[in-house]
Amino acid sequence: MFDRTHESYAKTYAIVFPHDEALAGRGLRTSALHETLEKNGCVHQARHGFERPGWFVPSNVSNGSNASNDDKNEHNENNESIQVPKPYDYYGAYEEGAWRLSSTHEDVLGHVEHPYNDIIEGELTFNWPQSHAIIGKECNAARKGVAIFDQSYFGKFILSGSKAKEAIQWLCSADVTVGNIGRVTYTPLCNALGGVEADLTVTKLAEDQYYFAAGGNTATKDYEWIVTQLEKKSYTKDEIDFKDISSDLTILSVQGPHARALLEKIMFIDNTKYEVFDLNNDEYFPFSYAKTNLTINGYPIEMTLRLTFVGEVGYELHVQNEHAVNVYDALKKAGHQYEQEHHVPVRDAGYRAIDSLSAEKGYRHWHADLTNVDSPMEAGIGFTVVPRLKQSKEESGDFLGRTALEKKRKQGLQKKLICLVLDDNDTETTTPLHGQETIWRNGICVGIVRSTAYGHSIGKTICYGYVNKDEDEMKVTNKWLKNGAWNVGDRGNQLKATLHLKAPFDPTNGRIRGEY
């Protein structure tokens, strides 16, 4: 905290670039794979004190090159990865006179070389960052081969007890209690005004036990929100047990058209029987379900969820930390062999690739695409709540925010999150967007961009933002949206854009079902 405060003060007048990274206060929270990933070239990003994978560099990138990731990452003479943040040196300000920090503080020599900082310097631009092509290759692996993501940054909670079913019905806007054991449901948690306080997945482990997986950037907030709502309902400890197990599990997400074929070589049923099974059997392992009886080369997987946040066939392996490195090594070994045999890319990928891939699929990010003042219907995830709203409270149960959502549904959409894709795809003549640009329909400003990303698979920039209804309209309709000519206003320029009512990439979701 002391070092980060110092760095914040030292950079008071520095330009705030989109992809800057702090040098102070690093390494406080890490996944079980942290050091292993560093050896494979991972450039970590610090988010909420957690070191999450940003992207993976090949050798020589710290010197300004975008070399092929086929090369192994460079190490120093001590066999240490060079792209790792070094201890904070106060930017060389206290090579003499560190007593100004505290009376007992020793002088701190500034780093002569700092390759991690050199890499980050390559990101400090409002143009395309140095990592742009590398992230494109990571996205390409997810779309054409297999990408392996460490998503341990996620928050992970368990709700159990005799009144767990009652409590979760109240908390979640979607009905997460229906279906067989193992069903995974994407759901918002709404406030009394119908705004989305959180969006996450809930896995039904038993009639009285549920597993939450929440985005890392909102995990602390989501946990506190749930605890507060449970306290308001006055449940006793005997009735409800809610635990944060985020530090106990590692999440490895294996995504891509060849994910099934790769996993089938090393994934088995029941560690003792070593029974092979067919991952292509959707009846045995359908989308949005979890299994608790699978292993990777004999190492138990606590939960295997068939989910995706990148729009491909994919599986999330929720592993006890003690087995994480062994499971990862098995994936990498099998991946290397598969890559050689089938000539498709199998590689590590980070959160910068996830940002691109998820934008192409229209997946929402809380804090940008939806917040606690946006309803599920306005954010385009009304499918999560409408089934319950169509039923009476007696049929589907009451839940937090239901009354407000019923009113909003009756009134119609007064605003709506839309997707625009810029028509110009020439990165030589265009610059990235960063959010807060204006949205124009037929020459009239109707909204503000909330989030943007470059879609490497479609080769264009994607924007998401809310537009307000026209004064002459009762509500926002698809007809009104389709009848408009759209532009994005950026620094005085009007950039032509195309409206997409469905995802810009694979709008029918065939790839998620394995239809390639």
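Model, not experiment: these values are computed from the prediction. Residue positions within a chain follow its written sequence, with the count starting from 1. Only residues with pLDDT of at least 70 get local features here, since the model is predicted, and only at 80 or more are side-chain atom pairs given and counted; chain-wide, interface and lining totals rely on the full set of residues. As a rule here, side-chain values cover all heavy atoms of the structure and leave hydrogens and water aside.

**Structural notes on the overall build of the protein chain**
Defined as follows: Labels follow the DSSP assignment, with helices taken as runs of H or I lasting at least four residues and strands as runs of E lasting at least two, numbered in each case from the N terminus. The globule rule is 2.2 Å times the number of residues to the power 0.38, and the radius of gyration it is compared with is taken over C-alpha atoms. We call a residue buried when its accessible area falls under 20% of the maximum for its residue type, exposed when it is over 50%, and partly exposed in between, using a 1.4 Å probe and counting protein chains only. Residue contacts are counted whenever heavy atoms from the two residues lie within 4.5 Å of one another. What sets the accessible areas is the Shrake-Rupley method with a 1.4 Å probe; for residues, cover comes only from the shown protein chains. Positive: Lys, Arg. Negative: Asp, Glu. His and the chain ends are not part of the count. Each charge is placed at NZ for Lys, CZ for Arg, CG for Asp and CD for Glu.
Secondary structure assignment for the protein chain yields 13 helices and 22 strands. By the compact-globule yardstick of 24 Å for 516 residues, the protein chain fits well, its C-alpha radius of gyration being 24 Å. Taking all 516 residues of the protein chain together, 54% fall into the buried category. Long-range contacts, defined as pairs at least 24 residues apart, comprise 66% of the intrachain contacts of the protein chain with a sequence gap of at least 6. In the form shown here, the protein chain has an accessible surface area of approximately 23,900 Å², with 48% of it arising from carbon and sulfur atoms. With 56 positive and 72 negative side-chain charges, the protein chain shows a spacing of 9 Å between the two charge centroids.

**A short note on the nonpolar core**
Operational definition: The nonpolar core is taken to be a set of buried Ala, Val, Leu, Ile, Met, Phe, Trp, Tyr and Cys residues, with the residues joined through side-chain atoms within 4.5 Å.
Leu252, Leu263, Met267, Ile296, Leu317, Val327 and Leu331 are the most contacted members of the largest nonpolar core, which has 33 residues in total. It is helix H8 (residues 321-342) that contributes the most residues to this core, seven residues altogether. For Ile296, the residues in contact, after removing those within four places along its chain, are Leu263, Ile266, Met267, Ile301, Leu317, Val327 and Ala330. Counting 32 residues, the second largest nonpolar core, distinct from the first, contains Val43, Tyr90, Phe149 and Tyr351.

**Digging into the pairing of strand E5 (residues 184-190)**
Selection rule: Strands pair, by our definition, only if DSSP identifies at least two bridges between them.
Of all seven residues in E5, six are buried, a share of seventy percent or more. The loop that links E5 with its antiparallel partner strand E6 (residues 196-206) comprises five residues; one of these, Gly194, has a positive phi angle of about 90 degrees.

**Topic: helix H4 (residues 132-144)**
Stated formally: Expected helix span is taken as 1.5 Å per residue step, with the number of steps being one fewer than the number of residues.
Over its 13 residues, H4 runs 18 Å from end to end, which matches the ideal 18 Å to within 8%, given 1.5 Å per residue. Every buried residue of H4 is listed here: His132, Ile134, Ile135, Gly136, Glu138, Cys139, Ala141, Ala142 and Arg143. As for H4, its buried residues are in contact with strand E2 (50-56), strand E3 (146-150), strand E9 (249-255), strand E16 (346-349), helix H9 (351-361) and strand E19 (444-455).

**Regarding the sheet that holds E5**
Keep this limit in mind: Between N-to-C directions, angles span 0 to 180 degrees; the directions come from axes that are lines fitted to C-alpha atoms, helices contributing only their stretch in contact.
One open sheet accounts for five strands, arranged E5-E6-E7-E4-E8; its pairing is antiparallel. Two strands bound the open sheet, and with one partner strand each, they are E5 and strand E8 (241-244). For this sheet the average axis-to-axis angle between neighbouring strands, irrespective of direction, equals 25 degrees. Judged from the six bridges that link them, strand E4 (residues 155-160) and strand E7 (residues 209-214) form a sheet pairing that is antiparallel. Paired with Gly155 across the bridge in E7 is Ala214.

**A look at unusual backbone geometry**
You will see that Tyr90, though not glycine, has its phi angle at about 55 degrees, which is positive. Mapping Tyr90 onto the fold places it in the loop between E2 and helix H3 (115-121).

**Quick look at H9**
By the criterion of burial, H9 is predominantly enclosed, with 10 of the 11 residues buried. Regarding H9, the residues found buried are Tyr351, Arg352, Ala353, Ile354, Ser356, Leu357, Ser358, Ala359, Glu360 and Lys361. Positive backbone phi, at 75 degrees, marks Gly362, one or two positions downstream of H9.

**Notes on the pattern of salt bridges**
Formally: We define a salt bridge as a contact between a side-chain nitrogen of Lys or Arg and a carboxyl oxygen of Asp or Glu at a distance within 4 Å.
Evaluation of the coordinates by the stated rule reveals 21 salt bridges. Where Lys332 meets Asp348, a salt bridge forms, and the shortest distance between an N and an O atom there is 2.8 Å. Within this pair, whereas Lys332 is found in helix H8, its partner Asp348 is found in strand E16, the two being separated by 16 residues in sequence. On the basis of relative accessibility, which here comes to 26%, the residue Lys332 falls in the partly exposed class.

**Quick word on the packing of aromatic side chains**
This is how the line gets drawn: Only centres within 6.5 Å qualify two rings of Phe, Tyr or Trp (six-membered ring in Trp) as a pair; their planes then separate them into stacked at under 30 degrees, edge-to-face at over 60, and tilted for everything else. Each ring is checked for a lysine NZ or an arginine CZ that lies within 6 Å of its centre and within 35 degrees of its normal; such an atom marks a charge sitting over the ring.
For the structure on display, the rule yields 15 aromatic pairs. Considering the side-chain rings of Trp128 and Tyr454, the 5.1 Å spacing of their centres and the 75 degrees angle between planes classify their relative orientation as edge-to-face. With Trp128 in the loop between H3 and H4 and Tyr454 in strand E19, this pair connects stretches of sequence that are 326 residues apart. Residue classification places Tyr454 among the buried positions, given a relative accessible area of 17%. Aromatic pair Trp480 and Trp486: ring centres 6.4 Å apart, planes at 90 degrees, arrangement edge-to-face. Directly above the aromatic system of Trp170 lies the positively charged group of Lys233, at a separation of 4.3 Å from the ring centroid. Here the basic side chain of Lys291 rests over the ring of Tyr284, its NZ or CZ set 4.0 Å away from the ring centre.

Such coordinate-based values are descriptive only and should not be taken to indicate function.
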